[in-house]
Structure formats: C-alpha cells, structure tokens
Amino acid sequence: MSPLLQIKGLGKSYPGVRALDGVDLELRAGEVHALVGENGAGKSTLARLVCGIAQPDAGRMILRGRPYAPQSRTDASRQRVRMVMQELNLIGTLTVAENIFMGRMPRRLGFIDYRGMNARSRQILADLGLDDIQVDRPVAQLGVGQQQMVEIAAVLSQPCDVLILDEPTAALTAAETRVLFEQIRSLRAAGTSIVYISHRMEEIKRLADRITVLRDGRHIATRDAADVGIEQIIRLMVGRDLSQMMRREQSHAAGNTPALRAANLSRAPAVRDVSFELYPGEILGLAGLMGSGRTETVRLVFGADRADSGAIYLNGSPSPARIRSPRDAVRHGIALLTEDRKQQGLLLPRPLRENITITHMRDVSRLAGWVRGGRERSIANRFIDRLAVRCHSPEQPALSLSGGNQQKIVLAKWLFRDCPILIFDEPTPGIDVGAKFEIYQLLADMARAGKAILVVSSDLMELMAICDRIAVMSAGRLVQTFPRDQFSEDRIMAAALSGYLAHGATA
Amino acid sequence: MAQQLETPSIPRNAHRGGMRGRLFTLALDYAALVIVLTLLIAIFSIRSPSFFSRAQFSAMVNPNLPTVLVAVGMTYVLIIGGIDLSVGSVMSLTGAVIGVLHESGNAPLPLAIAAGLATGAVCGLLNGFLIIRWNLPSFIVTLGMLLIARGMTHLITASQKPSLLFSGIHVLSEPMVFGLPPSLFFTIGIIVVGQLVLSWTVFGRYMIAVGTNEEAVRLSGVNVRPIKLAVFVISSLLATLAAILTLSRHRFADPNIGRDMELEVIAAVVVGGTSLMGGRGTVIGSCLGLLIIIVLGAGLAALGTRDEVKRLVTGCVIVAAVILDYYRRRLNASAATAA
C-alpha cells in the first residue's frame, strides 16, 4: 500500500533549540499512527509542520504522491489535512454553532443562516453522541471537556484525509473519551489517516496500529503496535533506563517537623479539602491529570488565590500562617515558580539582571530605595554563572533566551530570594533534555541543602525520577500519597483517575 | 544531544552592562529625538532669521513649563500601563482652589497653596483607589475625574477668574538668575529627579516591571497596589505644581485652563519614546518629545503658517514619530537577539 503522506528529513529550529531534526515518517491510509515521546521530543512541532502552522527549514513532504508544503493552516485544510490542537482554539463569546462553522458560516441573503447552521451543528454533535450540548450557548459556558469535544466536532465536521489529534483526551472524561475513540475508529475504517499524539500509553495500546517514537527531535523507531509493550516504548522514549536517570539518596526528612502543612484547603470548584505535609530536605511530587486541581492548590498555598477554607501551618507552628497574597507567602519563605514562565514568571523585554533581582530589591538597594547598581550586577552575574545560564550578558532581555535558559532565570530569581520552601509548577515544560537534567540536578542539590520542595508536573516520569514522595490529586482531591519505594506508573495513574471514575462525568 | 545543538556558549566578555555600555544605549535612545529637534530648529532658523534667539527661546519654553511638569507625571502613568486623562482638569481645579481661597477666603498664599496640593493629592488618591480597588481601566476612571474636576472648578469659581494680583506668586515666573525665572530651575529639578527616580530607585524599577507584566510582579511577592496608587498621586500632584506655575504667570486662576492638555501631553510623551502599552519610557525622552512639538508649533507660527495647517502638520509628525519608534524598537530587539 502506498503511503498517503510521506515525510522526508523534516527539520525545524527555534532560537536555541533544534526542535525537529531530519525526521522521516510514512502515514498509510486508514491507520491510527501514534506519536510518542517526552515533552519537547518534537511531537507537537512535527504536527504543526504537517498542518501548516509552521514551515520546516529542512526536508519535504509528499501527500498523495504530490509535493505538499502548506503555508498556513487554511492551506493545509484545503488539502484535507486537519488538526485538533492541544490548546483550545475556540472563541469563548461565540456560540457552539458559530465556533463549529467558524470561517464557513452558511449565509442567506448576505446574513448568517442561524437556523440552518444550528440545525446542522446539532446533527454534527448528535453524531458524536453529544446531544446534551446546546448549540446556541456561548462556548465559554461549557466545561473544558465539552469545549474539547466541540473543537473535535468542528474539525470532524469537515472532510479530511489526514487528521492530527494532539493530546485530545487530556480534558475528557472516560465517557467522552470512549465516544472519541469510536469516532476515530470509524474514520479509520473510512480510510482517514490519523496521527494520535498522547502520553497515555493505555490509550495508545488500545487505539494505535503503529507507533513512532521521537526523542530530542529525532525519529527513534516506528513499530507495529501489536509487537511492542509499554515498557519497551518507554525505554525508547527515554533512551535510558528510568532507574539510571536520577540517583537520589533517600532523604532524611522523616521524623522532622514539616516545613509546611496544608490543612483542608478548599476553593470551589477546583480544590476540595486538600491536606498534605512537606518536610525540609524532601522533594514532594504532586501528580494528577490536567484539571485535577494541582495548580490551583499550589496557588492557594502561595496566596495567589484566596482559599474558601483551610489553613497553612509553617515549621510546626500551632497557629496558621496568615497568607493572603504572594507578598505574604514570600515573606513567610514560600516561593512559587509558576507554570507559565512567559505570562507569570518573567519580564520578557527586561534585562536578565532585573528579572533576577525583582524578588528581593531590598537586598540590592540603600535605605531610601536607591538601587545599588554594582551589587545588583554582581548578584546577577553570580546566579547566571551558578546556574550556567547560556547568555552573553546580564543586560540581555529575557526573551532572547531559549526556554530552558529562561526557566533557569526564573529559578535564579527565587534562589536569590532564598526561600526555604520552593514550589515548582511544571519545572520543565518545553525544555530540551539537556537543560531538563540540569534543572533536576539543581532540585536535588537544593533538597540536599535542606530546602522543602514541592513539584507539580504532568510528566510522571519526571516525578518518579526526582521525588521522594508523590501525592496524587484527582478531581480536586488529594487521593493518595506514594513513598519512593512504592512508585509505579500504573498505580499512580490509577489513583489519578480514581476521582473521575467515582463521580462519573463531572469534568 | 540537544544540549550540544544549542547556541555555543560564548564566554561573556567585558560587556557586562558596565557604566559605559549603559551610557551608550542611553545616548542611542535619545539620538533620534535630538537629531529631529536639531533639524527642526535649524530649518526654522534658516527660514525665519529671528527664530534662533533668546527671546524666541523664552517665548517657547516659559509658557510650557507647566506642561513639562504634567508630562513627567504622565510618563510615569504610561510606564505602569495606565493613562491619566484628568491632568488638565486637576490643574484647573487646584488652581481654582488656590485662587478662591486667597481672593475670597483671604487665606495667606502658603496656606492656599497647601490646600491646592491637598486637593491634588485627593484627586490622585481617588483615581488610584478606584483603579486598584475594582481593577477598573484607568482610561475610564480618569475620564470621569476629568469631568468631575472641571465641573467642580466652575462650581467653586462660579466661572469667574479669581485674582492673585497682589499675592506675590508672580515672582516664580520673574527673571531671577541670568535673567531666568525660578520656575525654569524648578522644572529642570523635577525633570532630573523624575528621571533619577525612574532609573535608579526601587520604585522606578517596580513601575517599569508593573508596566511590563503586572501579574509576574505580583507573583514575585511584590505588592503592586501601592505602586499604582503612588503613580496616580504623583501625576495629580505634578498637575497641581503645574497649576501653581500657571498662576504665577497669569496672576489669576482661569477655570478653562488645561483643556485638551492631556492629549498634547500624551502625544509628547509617546513621541518621546514611552510606550502606551507600558513598561518602557523615560522622563528625558518625554521632555524632548514635548520640545519637538513646541518647536514645531512655534516655528510654523514664525513662518506665518495658518493655525489649521499647524494642527495638521503636528498631527502628522506625531504619527510619523510613533511609526519611527516602532522600527527603532524592532531594530533594538533584533540586535538584542543577535547579540
């Protein structure tokens, strides 16, 4: 069978990172082709190139035997290549029907034919078993899972030969996932070629015909799904045995007073009655699916949001700490390294120097608030050297650095503040493997120096490699905590899913 | 490994943001403005020989000293990503308070001035409080204040012009040293302090940071509310000082003073390289921007240009300056990435 889409030597660089490096891939008509790899392995980059969002700087693609070089997403969909994005691509204030028919709304006498459009939208959703979604409601009023299904519906409602799904089930309930899988199977039967990107091994085993593994932007292997086991795929993804990734001596945390104790934290609807203890010298992981309330929980601890109820106790103190703003948290020695370093962590156009010292200006100023320029520069240089940030000068704007080095600057600003409790929300998103290991090493060093570290991550491998304990959240509750000798992907995954099984379809 | 694929680590050289590097970028920032200003002066001086004279200089600068003060405050406001439309009205209100208290209330001048400053502070506090308490856009809050303050001005003056003829306030604008008035030295002092605070104090650093990414600053453990509040208070207080300088020139309080001033000032500040989006700007740049607009107006007048044409040309220059600034910034950004 001749392939539907051939990808030959595809390459793409971003400043500081070779995101994709000479990747070959063949897609057959009527197959589900799973694309797996660690975060930053190049899966999303490859998907973006295939559906025209970005253009490759090396290699070529051949679609149905003819050269294929989409210049835009519209261009790609005209050639029947479509994609469901990882990030939602909907316009919240428009209705479900308007979103489904975005850019191709049916018209009558120059006006939008709302009646016809709504009727057809209802039909499209009904085909996906989504009769309960009202087509004339603004999308923003739907839950995240339903929004995701609307987005999938919008893509599926148009003819396509190549369909790319990038982490489509991250926000879906089990029931919605089942509907999606049925749809994927019937598309496959109709001859559509489906690229399925996911971290979820069970899904891939259930769905995929073939599996391609990417690592560090390179093609590592393509196998028939029937021939490989999950462990084998993981070994290919990681490129080394998990046990060798990180060797951390057991922390000596047990028995000490906890540096931080969260008691019954709640904030409706994301966080429900969450309690945990964090000890000095340990790395505690917070695992869970997207939307399970992990980020919301650490934001409560940091005072970025107000809790409805619950309390934080520090260093064994019997009275709760008064944390009503990030400023209070920092004064109590708690640092939060946010998930989104560009939106919430950095002053992108400002020099590295200013990004580093912002957390503790008092330390680099005189009494009346005059900045001590020399001291500030030497501090910036010191942290840049200590974290081996690749840059030319501390006067360089933060936006000129690669993702990994930007993340090191975020780290630097909190190292400068020297908080005894550090919370990392996704410490390594979009970072290449080399920088990742440097950051893991730093985390281990800080724990050894007695810091209490809480790490939120969607990357289970990451947590299992670096943490002493992993607490698992599911549907807003902290359901189970695993000590290091009981880490297992299956059991943690089961715990992460447990809250959703019990409560049914309440995403 | 991807590690090796990254840009090779070039040893960071002596250029670690030393004093010399800083002065160089500073000069570069102002070079375009200074060149435009010099060109304008040169052109007008050639076309109109009387233009390049001390009399002309005084005629251009002295009446505009209050505008300079307001521009300093506006620079701060724009840097934190806000806007203050109320400056002209606050100026008229505080001037009216001083005038009415002195003329009808027989208050001694220092007391009247203190009351004026207090009024200005209240206006600024109100602006800032409404903005930070309910997270309202400063555009709409200060637009409200613009109308409120103007309305109050006319209420308390009954649309009359209270006189300060014998108050002695005029000495501020009379020649003193080298034939230059105290108001000029005072304004220069405010410019210098304004720029120093912006570049060399923690407050200045926070202002720029808040304008760049307020959420990131908040999550860095900085309380951003007092910073925003202070900036709006400073803006209103500078408008009050502008009112005092205006009183000293006119020797009466005009309830119609400062109309449309906010627009002229915002234009000047933006021409001077301050971003309307916040996070970027300098006090000195704003002053140069204001000078460009003033020289342009005066020069065109000296050439006998009609008022309508003057407005048209000024409008074009403002738009051109902003476009020019866009390209200058892109150049800087690409230079920074390539560095």
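Computed from a predicted structure; not experimentally measured. (Residues numbered from 1 in each chain as written. Chains lettered and ligands numbered in written order. Predicted model: local features only at pLDDT ≥ 70, side-chain atom pairs only at ≥ 80, totals over all residues.)

### Points about the overall build of chain A
Of the regular secondary structure elements, chain A holds 18 helices and 21 strands. In summary, chain A has a C-alpha radius of gyration of 24 Å against a globular reference of 23 Å for 507 residues, a match within 12%. Principal-axis analysis of the C-alpha atoms places the extent of chain A at approximately 70 × 50 × 45 Å. Counted over contacts in chain A with a minimum sequence separation of 6, partners at least 24 positions apart contribute 69%. (Helix = DSSP H or I, 4+ residues; strand = E, 2+ residues; numbered from the N terminus. Rg over C-alpha atoms; globule rule 2.2 N^0.38 Å. Contact = placed C-beta atoms within 7 Å.)

### Quick notes on the overall build of chain B
Looking only at helices and strands, one finds 13 helices and 0 strands in chain B. Listed by position from the N terminus, the elements making up chain B come as α-α-α-α-α-α-α-α-α-α-α-α-α. Relative to its 339 residues, chain B shows a buried fraction of 46%. Of the contacts made within chain B by residues no fewer than 6 positions apart, 76% connect residues no fewer than 24 positions apart. (Buried ≥ 20, exposed ≤ 12 C-beta atoms within 10 Å, placed from the backbone.)

### As for the sheet that holds strand S21 (residues 477-483) of chain A
Residue and element names in this part refer to chain A. In space, the 6 strands of this open sheet follow the order S17-S18-S19-S15-S20-S21, with mixed pairing throughout. Of all strands in the sheet, those with a lone pairing partner are strand S17 (334-337) and S21, marking the two edges. Each adjacent strand pair in this sheet contributes to an overall mean axis angle of 20°, direction not counted. In this sheet, S21 lies alongside strand S20 (residues 469-474) in antiparallel orientation, the contact comprising 6 bridges. Bridged to Met473 within S21 is Leu478. (Pairing = 2+ DSSP bridges. Axes fitted to C-alpha atoms, helices over the stretch in contact; angles between N-to-C directions.)

### Some words on the pairing of strand S9 (residues 162-166) of chain A
Residues and elements named next belong to chain A. Within S9, 5 of the 5 residues are buried, leaving the element largely enclosed by the surrounding structure. Alternating residues of S9 divide into Val162, Ile164 and Asp166 and Leu163 and Leu165, and every residue in both groups is buried. Inspection of the sheet shows strand S6 (residues 81-84) paired to S9 by 4 bridges, in the parallel sense. Within S9, the position partnered with Val81 by the bridge is Val162. The sheet contact formed by S9 and strand S10 (residues 193-197) spans 5 bridges and is parallel. Bridge pairing in S10 places Val162 opposite Ser193.

### Overview of the nonpolar core
In this structure, Ile423 of chain A together with Met207 of chain B are the most contacted members of the largest nonpolar core, which totals 172 residues. A domain split of this core shows at least three residues from each of domain 2 (244-333 + 419-507) and domain 3 (342-418) of chain A. The residues contacting Met207 of chain B, other than those within four sequence positions of it, are Tyr76, Ile79, Ile80, Leu198, Ile227 and Val231 of chain B. Among the nonpolar cores identified, the runner-up in size contains 63 residues, and Ala34, Val135, Ile194 and Ile204 of chain A belong to it. (Core = buried A, V, L, I, M, F, W, Y, C linked by C-beta atoms within 7 Å. Domains from an automatic or database assignment.)

### Re the environment of Asp166 of chain A
Among the secondary structure elements, Asp166 of chain A is positioned in strand S9. Setting aside residues up to four positions removed in sequence, Asp166 of chain A forms contacts with Ser44, Ala47, Met83, Val84, Met85, Gln86 and Ile197 of chain A.

### A few points about unusual backbone geometry
Phi is mostly negative for residues that are not glycine, and the peptide bonds are mostly trans. Residues and elements named next belong to chain A. Note the cis peptide between Ala268 and Pro269, where omega equals -5°. Tracing the chain through its elements places Pro269 in the loop between strand S13 (260-267) and strand S14 (271-278). The phi dihedral of Arg80 falls on the positive side, at around 65°, and the residue is not glycine. Inspection of the secondary structure puts Arg80 in the loop between helix H2 (73-78) and S6.

### Things to note about the environment of Gly95 of chain B
All names here are of chain B. Looking at the secondary structure, you find Gly95 in helix H5 (residues 87-103). Measuring from C-alpha to C-alpha, the distance between Gly95 and Leu180 comes to 23 Å, with 85 residues separating the pair along the chain. Once you skip the residues sitting within four places of it in the chain, Gly95 turns out to touch Ala243, Thr246, Leu247, Ala253 and Ile257.

### Focus on the sheet that holds S10 of chain A
All names here are of chain A. On the basis of which strands lie adjacent, the open sheet formed by 6 strands has the order S6-S9-S10-S3-S11-S12 and mixed pairing. The strands lining the two open edges of the sheet, one partner per strand, are S6 and strand S12 (218-224). Averaged over all pairs of adjacent strands, the angle between strand axes in this sheet comes to 20°, irrespective of strand direction. Of the strand pairs in this sheet, strand S3 (residues 32-36) and S10 are connected by 4 bridges, and their pairing is parallel. For Val32, the partnering residue across the bridge sits in S10 and is Ile194. On top of the sheet, helix H1 (residues 43-50) reaches S3, S6, S9, S10 and strand S11 (210-215); it is set at about 150° to S9, its chief contact.

### Some remarks on the domain arrangement of chain A
Domain parsing of chain A yields domain 1 (5-243), domain 2 (244-333 + 419-507) and domain 3 (342-418). Measuring from the centre of the C-alpha atoms in domain 1 of chain A to the corresponding centre in domain 3 of chain A gives 39 Å.

### Points about the confidence of the model for chain B
All names here are of chain B. Considering every residue of chain B, the mean pLDDT works out to 88; 89% of them sit at 70 or more. Counted against residues more than four places away or in other chains, residues 1-17, with its pLDDT under 50, gives 35 contacts. What the predictor reports for the complex is a pTM of 0.77 with an ipTM of 0.85. (pLDDT = per-residue confidence, 0-100.)

### So, the confidence of the model for chain A
Per-residue pLDDT for chain A has a mean of 86; in total, 93% of the residues score no lower than 70. Note on residues 502-507 of chain A: pLDDT is under 50 here. Beyond four places in sequence and across chains, it has 9 contacts.

### Concerning the packing of helix H4 (residues 65-79) of chain B against helix H11 (residues 261-271) of chain B
Helices that pack against each other are described as a pair by the angle of their axes relative to one another and the distance between those axes. Residues and elements named next belong to chain B. Packing of H4 against H11 brings their axes to within 9 Å, and their N-to-C directions diverge by 65°. Relative to H11, the element H4 lies roughly perpendicular. Remark: the crossing between H4 and H11 carries right-handed chirality. Contacts between H4 and H11 pair Thr67, Val70, Ala71, Met74, Thr75 and Leu78 from the former with Met261, Glu264, Val265, Ile266, Ala268 and Val269 from the latter. (Parallel < 35°, antiparallel > 145°, perpendicular 65-115°, else oblique. Left-handed = near helix turned anticlockwise from the far one by under 90°.)

### Quick notes on H11 of chain B
Residues and elements named next belong to chain B. Most of H11 sits out of view: 10 of its 11 residues are buried. Among the residues of H11, those classed as buried are Met261, Glu262, Glu264, Val265, Ile266, Ala267, Ala268, Val269, Val270 and Val271. Taken from the residues just after H11, Gly273 is the one with a positive phi, measuring 100°.

### Description of helix H8 (residues 182-200) of chain B
Residues and elements named next belong to chain B. Taking 1.5 Å as the rise per residue, H8 with 19 residues should run 27 Å; its terminal C-alpha atoms sit 26 Å apart, in good agreement. Those residues of H8 that sit buried are Ser183, Leu184, Thr187, Gly194 and Leu198. Along the axis of H8, the buried residues cluster in a sector spanning 105°; they form a single face. Along H8, the residues that are exposed and aim more than 90 degrees away from the buried face are Phe185, Gly189, Val192 and Val193. Here the buried face of H8 lies against H4, helix H9 (202-219), helix H10 (225-250) and helix H12 (283-302). (Expected span 1.5 Å × (residues − 1). Arc of directions from axis to C-beta.)

### Some words on the packing of H5 of chain B against H11 of chain B
Residues and elements named next belong to chain B. Here H5 crosses H11 at 130°, and the two axes come no closer than 7 Å. With respect to H11, the axis of H5 lies oblique. For the pair H5 and H11, contact is made by Val87, Gly88 and Met91 and by Met261, Glu262 and Val265, respectively. Tallied by class, residues from the contact of H5 with H11 come to 4 nonpolar, 1 polar and 1 charged. (Nonpolar A, V, L, I, M, F, W, Y, C, P; charged D, E, K, R; others polar.)

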